[in-house]
Amino acid sequence: MTRALCLVMIGSLAVACGRGPAGGPAASNRLLVVGYDREPDTLNRFSTHILEDIQTCVIEGLTITDDRMAIQPLLAAEVPTLANGGVTLLEDGSMDVTWKLRPGIQWHDGTPLSSADVKFTVDAINDPSYNPESTDGFDRISSVDTPDALTAIVHYREIYAPYALQFTRGLLPKHVLQGRDIDRATDYNRAPLGTGPYRVAEWKSGEYIRLERVPNYWRGAQFPKIEQILFRFVANTNTRINQLKSGEVHLVAMFPWDKHREVAAIPGVSVHRTPGNAYEHVTLNQRRVAAFRDVNVRKALMHAIDRDGIASSILEGLAPVTHGPIQEVSWAHAKDVTTYAFDAAKARALLEGAGWTDANGDGIREKDGQPLAFTLITQAGFAVRESVAQVLQRQFRDVGADMKVQLVDGTSISGLWFEGNFDAMLHWWQMPADPELALFFASDRVPPRGRNINYFEDEATTELVYAADRTVDQAERTRLLGDAQRRIADLLPELPLYAITKLDAVPAGLQGFKGNPTNTGVFWNVHEWEFR
Amino acid sequence: MGVPLIRRVAAALPLLLVISAGVFGLLHLVPGGPLAVYLSNPDVRTEDLERLRRSLGLDQPLWRQYIQWLAGFLTGDWGYSYSDGRPVLVRVLERVPATLELVSASLLLAMLAAVPLGITPALSRNRWPDRIASSLSFAGLALPVFWFGLVLQLVFSLGLGWLPSSGRTTVGDGALVDRLVHLILPATMLAAVHAAAWSRYLRAAVHDTWRRPFVAAARARGVGGRALVWQHALRPALLPVITIVFLDAALMVAGTVVTESVFAWPGVGSLFTEALARRDYTVLMALLMVASTTVITLNLVADIVYPLIDPRVRA
């Protein structure tokens, strides 16, 4: 029996050895294998917002955000603006947006793309029988007119500033989905009909999704260059990196920072850095912790943090220090805001002045008998964040504030912050491509109405951020958002730490890879990718 | 045999009911919930969350949700997955073959390893073969499974380049050899702990049997060497171990959660991990019920098989 076992083992090993090195085929214009951290739920872009990479290769929107976060026309002939007459503001406060479709585009099944698909998409999303993830913007549309096959006039009941991004997720094909229960339309949701450079050839649950290029892509027969893209689902980060090393996968998007050195050392793989539209910060829950309601306490905590030190040591220079919610990559970023340098003496003086003193000599300041103490929650299993939390704990302690750290799993933490059940939280926001601040800073947008989980209340800020949301003219909007950013930097409702840099592991021979700061993901220009 | 069996099965049903209620309650107690995944998307507003909550039936009182789930489950309607909208039964069934393949291979591997590891030391107690085999067993027991899997990858896939690091097949291949090659590392990882544990039980059992009068009698009749071990000592020694194997087989199914995650194995274990992260209650409930039923069934099977092997219990 033992002998038989040995024979089987040796036999299998011999077979394995005969196959040569374990890696799969090398990355080439014939095949690109992507190591993917999770399996998508559905490929219907309106039903899910996570993992849009695969959808981006198949489904195209009227517009897309490029590597510099500029909005580019895709299926639309141009982006409608006030200047080109595509946007009309009406006297009753409503707004019309006229979309001109690029002529000659067909769905993958050969049916021409038409304005009727735009109208169908709006109607389907506003239909109560379908459950898309978000109806944001669509619920402000009163109707869509289609004077001809290439023109769709979208009537908004009120001014909607991010109108240009309304159809970035694509369009639902009317001729496939009309009259059907879209939530249960498994054929569409697992292999959606699109207009993009690729179509879904195979989806093997738990294993992979295989895309193959379409023969007559509208940009020209020379696009796309790569024949097949295979998305392999590898949930475990270590395994994903190991597959990259063995050559079983060729590309891993957004790998964690603590793997940077390991990945950079892999031969044939280069690390692509993209400044992200996201920022790491400490949220201070003013509803839960009375001390946070005092602006001087918030400023003291900001001065207590050595952000440059964190950026150069733990973050290995990968992420720059930031001073507010809108990052440099955005057109709305304001440079001239108040900043708070690392200065422990100043932090102590501010706390002293605010009435927080250490009367009993235990190293922790008190006021009215209450110690300056709170608990910071952050996501478990996120190595960099755990290290940053420890540094913050030490540096707050140096100025007399006692912070405990509690690690929480990713799904549970969402529940905690949404219900306001925390004192402080270390996390990042992936900001919308359109710089909407109201959701995060307007007084009335505390949960469940929004994401103002600092429970920050300031009338001037609220007015500014709402005014910006109701402004279509970009110059005026930039001014309003600039004022809002300066106001936020002065009042410091949260402690901004650093801007997120996205790290992508890319095969060294791949040309045309540009990265993307937004949720659009790195595959936005996949038709240009090529191995030479 | 028949009547007691029916009685045992009948007793298992209320147990399953209690488990289902307990698990249902526990799942809903875990913070987060199925809507948490939407919260990180700023486009999802309160109105959207309320709409999604209603559409999933989460606005109903918990007891009503449970009754509705139970009624559906018993009539074969396991509901739809919260995350991808497909029927739960489809999602579970498509993952079952991969897990069965992995668990069967691991069971086989663990038994094949446990027998020599258990017998060798028993026959040479406290001499060097015993020490080596015992050390191996203890090492196996002490291994952090997760780490062991990664080490297997590092050595056999990255270092030696002999085996693929993960997955069930090479895309576009899928021949029997390709599948076996993919099976080796995850099956080894899953088998290691159990092989080690079983070999310890076996060692004790063989040693115990070895000193029984019937072995001495056999020896006196001139039976010796291999025949004595295989025909006389092993069979009674295997009896207690077989019960443990059946009970551990259920544990092995639980162990697939970690193994399948490390080796990107497309089975029910990785489905469980995904469903847990999404708080996909309908899928989680189905998987937990299937797992509970499996454990209870394997217990029953152990009870049934035991008298078949051991005539003494049959009376």
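Above this text is the structure in question.
In this report, the structure presented in the accompanying data block is examined. Remember, predicted model here, so these are calculated numbers, not experimental data.

Cut-offs used in this document
- Residues numbered from 1 in each chain as written.
- Chains lettered and ligands numbered in written order.
- Predicted model: local features only at pLDDT ≥ 70, side-chain atom pairs only at ≥ 80, totals over all residues.
- Helix = DSSP H or I, 4+ residues; strand = E, 2+ residues; numbered from the N terminus.
- Buried ≥ 20, exposed ≤ 12 C-beta atoms within 10 Å, placed from the backbone.
- Contact = placed C-beta atoms within 7 Å.
- Pairing = 2+ DSSP bridges.
- Nonpolar A, V, L, I, M, F, W, Y, C, P; charged D, E, K, R; others polar.
- Axes fitted to C-alpha atoms, helices over the stretch in contact; angles between N-to-C directions.
- Left-handed = near helix turned anticlockwise from the far one by under 90°.

**Here we look at the overall build of chain B**
A tally of regular secondary structure across chain B gives 14 helices and 0 strands. Principal axes of the C-alpha set define a box for chain B whose edges measure 85 × 55 × 35 Å. Evaluated residue by residue, chain B yields a buried proportion of 37% over its 315 residues. For chain B, the proportion of contacts with a sequence separation of at least 24, taken over those separated by at least 6, is 70%.

**Details of unusual backbone geometry**
For residues that are not glycine, phi is negative in most cases, and the peptide bond is trans in most cases. Residues and elements named next belong to chain A. In this chain, Phe 223 is followed by Pro 224 through a cis amide linkage whose omega measures -15 degrees. Residues other than glycine seldom take positive phi values, yet Met 69 does so here, at roughly 65 degrees. Positionally, Met 69 belongs in the loop between strand E2 (63-65) and strand E3 (71-73). By C-beta crowding, Met 69 is classed as buried, having 20 other C-beta atoms within 10 Å. Although it is not a glycine, Tyr 455 adopts a positive phi angle of roughly 50 degrees.

**Quick notes on the pairing of strand E17 (residues 424-430) of chain A**
All names here are of chain A. Counted residue by residue, E17 has 5 buried out of 7 residues, so it is predominantly covered. Strand direction decides the pairing type here: strand E12 (residues 269-284) and E17, joined by 7 bridges, are antiparallel. What sits directly across from Tyr 279, in E17, is Trp 429. Examined bridge by bridge, strand E15 (residues 373-379) and E17 share 3 bridges and lie parallel to one another. Bridge assignment links Leu 376 to a residue of E17, and that residue is Ala 424.

**Focus on the interface of chain A and chain B**
Quite often, the size of an interface is put as the accessible area lost when its parts meet. In this complex, chain A contributes 53 residues to the contact, which on the side of chain B involves 57 residues. Only helix H1 (2-18), helix H5 (186-190), strand E10 (228-233), helix H6 (237-246) and helix H12 (410-418) of chain A provide two or more residues apiece to the side of chain A that touches chain B. Its residues assigned to classes, the side of chain A that touches chain B shows 18 nonpolar, 23 polar and 12 charged.

**Concerning the packing of helix H8 (residues 145-159) of chain B against helix H9 (residues 176-210) of chain B**
Residues and elements named next belong to chain B. Across the interface, H8 lies against H9 with an axial gap of 10 Å and an inter-helix angle of 145 degrees. Where H8 crosses over H9, the handedness of that crossing is right-handed. Mapping the contact onto sequence places Val 145, Phe 148, Gly 149, Leu 152, Gln 153 and Phe 156 in H8 and Leu 185, Thr 188, Met 189, Ala 192 and Val 193 in H9. Along the lines of polarity and charge, the residues of the contact of H8 with H9 split into 8 nonpolar, 3 polar and no charged.

**Things to note about the sheet that holds strand E4 (residues 87-89) of chain A**
Residue and element names in this part refer to chain A. What the 4 strands build is an open sheet, ordered E4-E5-E7-E6; its pairing is antiparallel. With one partner strand each, in any of the chains shown, E4 and strand E6 (141-148) form the two edges of the open sheet. On average, each strand axis in the sheet is tilted by 15 degrees relative to the strand beside it, whichever way the strands run. Note: E6 against strand E7 (residues 151-156), 5 bridges, orientation antiparallel. Bridging across to E7, Ser 143 finds its partner in His 155. Here helix H3 (residues 115-126) sits on the sheet in contact with strand E5 (95-100), E6 and E7, set at roughly 165 degrees to E6.

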